[in-house]
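# What the coordinates show
One-letter residues, chain by chain:
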Amino acid sequence: MSSDSSRYKFKHHPETCDPEDYWGQVKRTVNGKPVSPEQIGLIVDSIRDGLQLGSDDVLLDLCCGNGALTSHLFDGCAGGLGVDYSEFLIEVANRRFSRNPSERYLLADALDYVLNGQNPGEFTKVLCYGAFPYFGPDAARSMLRGLNRRFGRVTHLYLGQLPDKSRIGRFFTDRDPAPGEADDPGSLLGLWRTPDELAALAEDAGWTARPIHQPDRFFASHYRFDAVLTRRRAG
Ligand SMILES: C[S@@+](CC[C@H](N)C(=O)[O-])C[C@H]1O[C@@H](n2cnc3c(N)ncnc32)[C@H](O)[C@@H]1O
């Protein structure tokens, strides 16, 4: 497996940020400013609800970034593991956000971890927030199939911040997307999918997808959606 199964183009962006600009490092900004704590609260509540995250759950956060978001979720469960391929961000996560041995952060490629990581049976819930669109069709399919096949105790998977192809015009208000841009996992927001396309991808990998639309007060609600995947067949 190559060390880069996604086409995320900002791998080295965190190194250009202030060491304590935790939301800037993972590009959770509007007009260059970190989003507000209220916005983060909406994200955290939606993930907790979608995953039905409980105190006994063990969470795997794929593409966890610096752990700023993961740590809010570890607060509501038994801990788990964040995986990211940015050395810079995993160092921040371990130094700033890991509070005890049940909150672990690992430097690894996310797809490689899904296909080859150790002890997949320890996890009960999985999150991939703000990163799934950067995995092209083959890598996305492998990831969902691998989670279904190897992670037998996982009941819910939350995919967050998916650019919605059926509402693409609400994002591109001052220019048209370049030819092929919406289908390019290496583009600014990655690969755009409609909720139906995401549902078909999930179904092929053994999951049932339920789209989640954020309330209007969420900063990206007009062009993004989230999805909760639940298991429809054993892997
Ligand atoms: C927009 S940030 C989101 C970080 C975090 N999930 C959050 O929502 O705060 C995207 C993250 O995906 C990570 N990433 C992208 N491709 C990856 C891959 N193939 N394996 C592991 N991490 C990856 C990047 O390093 C970055 O931290």
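For the structure, see preceding data.
Within each chain, residue numbers correspond to sequence positions counted from 1 in written order. Note on the predicted model: pLDDT of at least 70 is required for a residue's local features to be given, and 80 or more for side-chain atom pairs to be given and counted; whole-chain, interface and lining totals, by contrast, use all residues.

### Some points on the overall build of the protein chain
Test applied: The numbering of helices and of strands both runs from the N terminus, where a helix is a DSSP run of H or I of at least 4 residues and a strand a run of E of at least 2. To sort residues by exposure, count the other C-beta atoms lying within 10 Å of each residue's C-beta; 20 or more gives buried, 12 or fewer gives exposed, and values between give partly exposed, all with C-beta atoms placed from the backbone. A pair of residues counts as a contact when their C-beta atoms, built from backbone coordinates, are within 7 Å of each other.
Assigned secondary structure in the protein chain consists of seven helices and nine strands. By its C-alpha atoms, the protein chain is 45 × 45 × 35 Å across when sized along the principal axes. Counting only residues that meet the buried cut, the protein chain has 41% of its 235 residues in that class. Here the contacts in the protein chain between residues at least 6 apart in sequence split such that 70% fall between residues at least 24 apart.

### A closer look at the pairing of strand β3 (residues 59-62)
Where a strand is regular, its side chains alternate between the two sheet faces. Our working rule: Strands qualify as paired when DSSP identifies two bridges or more between them. Note on handedness: a clockwise path from strand one over the helix to strand two, with the strands aimed away from the viewer, defines a right-handed crossover.
Side chains Leu-59 and Asp-61 of β3 all project onto a buried face; the interleaved residues Leu-60 and Leu-62 project onto the opposite face, where all are buried too. With four bridges joining them, β3 and strand β4 (residues 80-84) adopt parallel strand pairing. Bridged to Leu-62 within β4 is Val-83. With helix α3 (residues 68-74) bridging β3 and its parallel neighbour β4, the resulting β-α-β unit is right-handed.

### Observations regarding the site of the ligand
The cut-off we apply is this: Think of it this way: take the backbone, place a C-beta atom on it, and check whether that atom is within 6 Å of the molecule or strand, in which case the residue is near it. Throughout this entry, Asp, Glu, Lys and Arg are counted as charged residues, while Ala, Val, Leu, Ile, Met, Phe, Trp, Tyr, Cys and Pro are counted as nonpolar. The remaining residues, Gly among them, count as polar.
Around the ligand, a shell composed of 23 residues is seen, among which Ser-6, Tyr-8, Cys-63, Gly-65 and Gly-130 lie nearest. A breakdown of the residues in the shell around the ligand according to their chemical character gives 12 nonpolar, five polar and six charged.

### Brief notes about helix α7 (residues 195-204)
Test applied: The reported arc concerns the directions from the helix axis to the C-beta atoms and nothing else.
Within α7 the residues assigned to the buried category are Pro-195, Leu-198, Leu-201 and Ala-202. End-on, the buried residues of α7 take up no more than an arc of 120°, which puts them together on one face. With respect to the buried face of α7, the exposed residues turned more than 90 degrees away are Asp-196 and Asp-204. Structurally, α7 contributes buried residues whose contacts are with α6 (137-150), β7 (156-163), β8 (207-212) and β9 (224-231). Positive phi shows up at Gly-206, right after α7, with a value of about 95°.

### Comments concerning the packing of α6 against α7
Note the following rule: For helices, the axis comes from a line fit to the C-alpha atoms of the stretch in contact; other axes are also lines fit to C-alpha atoms, and the angle between any two N-to-C directions lies between 0 and 180 degrees. Here roughly perpendicular refers to angles of 65 to 115 degrees, roughly parallel to angles under 35, roughly antiparallel to angles over 145, and oblique to all remaining angles. By definition, any crossing whose near helix is turned counterclockwise from its far helix by less than a right angle is left-handed, and any crossing with a clockwise turn is right-handed.
Contact geometry for α6 and α7: axes closest at 8 Å, N-to-C directions at 50°. Regarding the angle of α6 to α7, the classification is oblique. For the pair α6 and α7, the sense of crossing is right-handed. Here α6 contributes Ala-140, Arg-141 and Leu-144 to the contact with α7, which in turn contributes Leu-201, Ala-202 and Asp-204. In terms of residue class, the contact of α6 with α7 is built from four nonpolar, no polar and two charged.

### Here we look at the nonpolar core
Under the convention used in this document: Note on terminology: a nonpolar core is any set of buried Ala, Val, Leu, Ile, Met, Phe, Trp, Tyr and Cys residues joined through C-beta atoms within 7 Å.
Ranked by size, the top nonpolar core spans 59 residues in total, and within it Val-126, Leu-127 and Cys-128 carry the most contacts. With residues up to four places along the chain from it excluded, the contact list for Cys-128 reads Leu-62, Cys-63 and Leu-159.

### Digging into the sheet that holds strand β5 (residues 103-107)
Here seven strands make up an open sheet; going across it, the order is β5-β4-β3-β6-β7-β9-β8 and the pairing mixed. This sheet does not close on itself; its edge strands, each paired only once, are β5 and β8. Adjacent strand axes in the sheet meet at a mean angle of 20°, parallel and antiparallel pairs treated alike. Relative to β5, helix α4 (residues 87-97) is tilted by about 165°, and along the sheet it contacts β4 and β5.

### What to know about the environment of Asp-75
Here Asp-75 shows up in the loop between α3 and β4. Overall, the presence of 13 C-beta atoms within 10 Å leaves Asp-75 in the partly exposed class. Along the primary structure Asp-75 and Gly-186 are separated by 111 residues, whereas in three dimensions their C-alpha atoms are 33 Å apart.

### Topic: the environment of Phe-171
In this fold, Phe-171 is placed in the loop between β7 and α7. On the basis of neighbour count, Phe-171 is assigned to the partly exposed category, with 17 C-beta atoms found within 10 Å. For the pair formed by Phe-171 and Leu-189, sequence separation is 18 residues and the distance between their alpha carbons is 10 Å.

### Quick look at the pairing of strand β6 (residues 125-129)
Most of β6 sits out of view: five of its five residues are buried. Burial of β6 is two-sided: the residues Lys-125, Leu-127 and Tyr-129 facing one way and the residues Val-126 and Cys-128 facing the other way are all buried. Pairing analysis gives four bridges linking β3 to β6, with the strands arranged parallel. Within β6, the residue paired with Leu-59 across the bridge is Lys-125. In terms of strand pairing, β6 meets β7 through five bridges, oriented parallel. Residue pairing across strands places Tyr-129 opposite Gly-160, the latter belonging to β7. Running through α6, the crossover from β6 to the neighbouring parallel element β7 is right-handed.

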